[in-house]
Amino acid sequence: EVKFGDSAQMQPGDWVMAIGNPFGLAHTVSVGVVSATERPFPITDGRSQDVLQTDAAINPGNSGGALVDADGHLVGINTAIFSRTGGSLGIGFAIPAATARQVMESLIRDGKVVRGWIGVEPRDLTPDIAETLRLPVKSGVLITGVLQDGPAGSGGIKPGDVVVRIGSKPVANTAELLNAVAALPPGSDAAIALQRGDKALDVTVKVAQRPPRQVQR
């Protein structure tokens, strides 16, 4: 039995082991360290999510295998590598165990992965943008567009607002906002802290379920 570790506490330099079946070699273990955390990584719908980066060798066949810490606790699910040859170059990525657990619980409860959605177009707030807009905050996510009649629009969020916190979780970039929103249960009320010009505001948004991705045929 594998116990879940706290993937949010992993730091660069922490020892990890990648377990899998690279090239059909069952029960192979490779050892390395966490190279980076909260690394933005593209996924199939064009969004991004934060993953763990490791130099533990991950090769074809490792995907879906466990990434465990020095105590044997699950901290990630091996997912992908950056490679020009098809073999490991010491740049591997793992979905954090916390995200994997959310997916698992959603599948058990709903039979599918259910993610929250509020209907906004976000953009990282850069120092130049904050200075141009004369904002008193330097960290957050700029909302460049709001879906008409969507959850955010109905809750009072407007283009030009800067989201600084969702619930009790501060958000400093687009990836953090998307991950925080995705973790919210559809139908729930989310307290969102905004900066609108020189005014700090709190709004409540009714979270919806992320619409299915439209596939071009």
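Relevant structure appears above.
Residue positions are counted from 1 within each chain, in the order its sequence is given. Reporting of local features is limited, given that this is a predicted model, to residues whose pLDDT is at least 70; pairs of side-chain atoms are given and counted only at 80 or more, and all residues count toward the totals for whole chains, interfaces and linings. Only hydrogens and water are set aside; all other atoms, that is, all heavy atoms of the structure, feed into the side-chain values.

K.L.:
Looking at this structure, I do not really get the overall build of the chain. What am I missing?
P.N.:
In this description a helix means any DSSP run of H or I spanning at least four residues, a strand means any run of E spanning at least two, and both kinds are numbered starting from the N terminus. Per the secondary structure count, the chain includes four helices and 14 strands. Dimensions of the chain, computed from the C-alpha atoms along their principal axes, are close to 55 × 40 × 40 Å. Burial status follows relative accessibility: with a 1.4 Å probe on protein chains alone, a residue under 20% of its type maximum counts as buried, one over 50% as exposed, and anything between as partly exposed. By residue count, 39% of the 217 residues in the chain fall in the buried class. Whether two residues are in contact is decided by their heavy atoms, any of which lying within 4.5 Å being enough. Sequence separation of at least 24 residues holds for 50% of the intrachain contacts in the chain that already meet a minimum separation of 6. Split by element, the accessible area of the chain, about 12,300 Å² in all, is 53% carbon and sulfur. Using a 1.4 Å probe, the Shrake-Rupley method yields the accessible areas, and only the shown protein chains count as cover for residues.

K.L.:
Just checking my understanding: could you explain the packing of aromatic side chains for this structure?
P.N.:
Here the distance between the centres and the angle between the planes together describe a pair of aromatic rings. In summary, the pairing rule links any two rings of Phe, Tyr or Trp, Trp by its six-membered ring, whose centres are within 6.5 Å, and it sorts them by plane angle into stacked for under 30 degrees, edge-to-face for over 60 and tilted for everything else. Counted according to the given criterion, the structure contains zero aromatic pairs. For Arg101, the ring lying beneath its charged end belongs to Phe4, and the centroid distance is 4.5 Å. Distance and angle both matter: a charge sits over a ring if NZ of Lys or CZ of Arg is within 6 Å of the ring centre and within 35 degrees of the ring normal.

K.L.:
Looking at this structure, I do not really get the pairing of strand 13 (residues 199-206). What am I missing?
P.N.:
Consecutive side chains of a regular strand alternate in pointing toward one face of the sheet and then the other. Criterion used throughout: strands pair if DSSP finds at least two bridges between them. Pairing geometry for strand 12 (residues 189-196) and strand 13, over eight bridges, is antiparallel. If you follow Ile192 over to strand 13, its bridge partner there is Val203. Taken together, strand 12 and the strand that follows it, strand 13, pair antiparallel across an intervening segment of two residues, in which Gly197 is found at a positive phi of about 65 degrees.

K.L.:
For this particular structure, what's the right way to read the environment of Trp15?
P.N.:
Structurally, the position occupied by Trp15 is in strand 1 (residues 15-20). You can call Trp15 exposed: its relative accessible area is 56%. Note: C-alpha distance between Trp15 and Ile166 (151 residues apart in sequence) is 32 Å. Apart from the residues lying within four places of it in its own chain, the contact partners of Trp15 are Val31, Gly32, Val33, Val68, Asp69 and Ala70.

K.L.:
Help me understand the side chain of Asp161 in this model?
P.N.:
Here Asp161 shows up in the loop between helix 3 (151-154) and strand 10 (162-166). A residue is classified by how much of its surface remains accessible, and Asp161, at 1% relative accessible area, is buried. Any N or O atom pair separated by 3.5 Å or less is treated as a polar contact, with the protein-specific requirement of one donor-capable and one acceptor-capable atom, and with residues adjacent in sequence counted only for side-chain atom pairs. Only 2.8 Å separates the side chain of Asp161 from the backbone nitrogen of Lys158, close enough to count as a polar contact. In terms of polar contacts, Asp161 uses its side chain to reach the side chain of Arg196, at 2.7 Å. Discounting residues that sit within four places of it in the chain, Asp161 has contacts with Val141, Leu142, Ile143, Gly156, Leu194, Gln195 and Arg196.

K.L.:
Sorry, what's going on with the pattern of salt bridges here?
P.N.:
Side chains carrying opposite charge are able to pair once their charged atoms draw close together. A side-chain nitrogen of Lys or Arg and a carboxyl oxygen of Asp or Glu constitute a salt bridge if their distance falls within 4 Å. On inspection of all chains with the given rule, the structure shows four salt bridges. In this structure, Arg165 and Asp202 form a salt bridge, with 3.8 Å as the shortest nitrogen-oxygen distance. With a gap of 37 residues between them, Arg165 in strand 10 and Asp202 in strand 13 connect regions that are remote in the sequence. Asp202 gets classed as exposed once you look at its relative accessible area, which sits at 63%.

K.L.:
Just to check I follow, could you spell out the nonpolar core for this structure?
P.N.:
In globular proteins that are soluble, nonpolar side chains generally tend to be buried together. Counting residues in hydrophobic clusters, the biggest one holds 20 residues, and the most contacted among them are Ile118, Ile157, Val163, Ile166, Val171, Leu177 and Ile192. Elements represented by at least two residues in this core include exactly strand 9 (141-146), strand 10, helix 4 (174-182), strand 12 and strand 13. If you tally residues by element for this core, the top one is helix 4, at four residues. Residues in contact with Ile192, not counting those within four places in the same chain, are Ile118, Ile157, Val163, Arg165, Ile166, Leu201, Asp202, Val203 and Val205. Only buried Ala, Val, Leu, Ile, Met, Phe, Trp, Tyr and Cys residues count toward a nonpolar core, and they belong to the same one when joined by side-chain atoms within 4.5 Å. If you look at the next biggest cluster of nonpolar residues, it comprises ten residues, including Val16, Ala18, Ala56 and Ala94.

K.L.:
Can you walk me through the environment of Gly140 in this structure?
P.N.:
Note on placement: Gly140 falls in the loop between helix 2 (127-132) and strand 9. Residue Gly140 is classed as buried on the basis of its relative accessible area, which comes to 0%. Excluding anything up to four places from it in sequence, Gly140 contacts Asp124, Leu125, Val162, Val163, Val171, Ala172 and Asn173.

K.L.:
Help me out: how do you make sense of helix 1 (residues 97-110) in this one?
P.N.:
Helix length check: helix 1, at 14 residues, gives a terminal C-alpha distance of 19 Å against a target of 20 Å (1.5 Å per residue), a fit within 8%. Those residues of helix 1 not exposed but buried are Ala97, Thr99 and Ser106. Positioned one or two residues after helix 1, Gly111 has a phi angle of 80 degrees, which is positive. Helix span, as expected, comes to 1.5 Å for every residue beyond the first.

K.L.:
Teacher, can you tell me more about unusual backbone geometry here?
P.N.:
Most peptide bonds adopt trans geometry, and most residues besides glycine take a negative phi value. Look at Phe23: it is not a glycine, yet its phi comes out positive at around 55 degrees. Checked against the element boundaries, Phe23 lands in the loop between strand 1 and strand 2 (28-42). The phi dihedral of Arg134 falls on the positive side, at around 55 degrees, and the residue is not glycine. The topology assignment puts Arg134 in the loop between helix 2 and strand 9.

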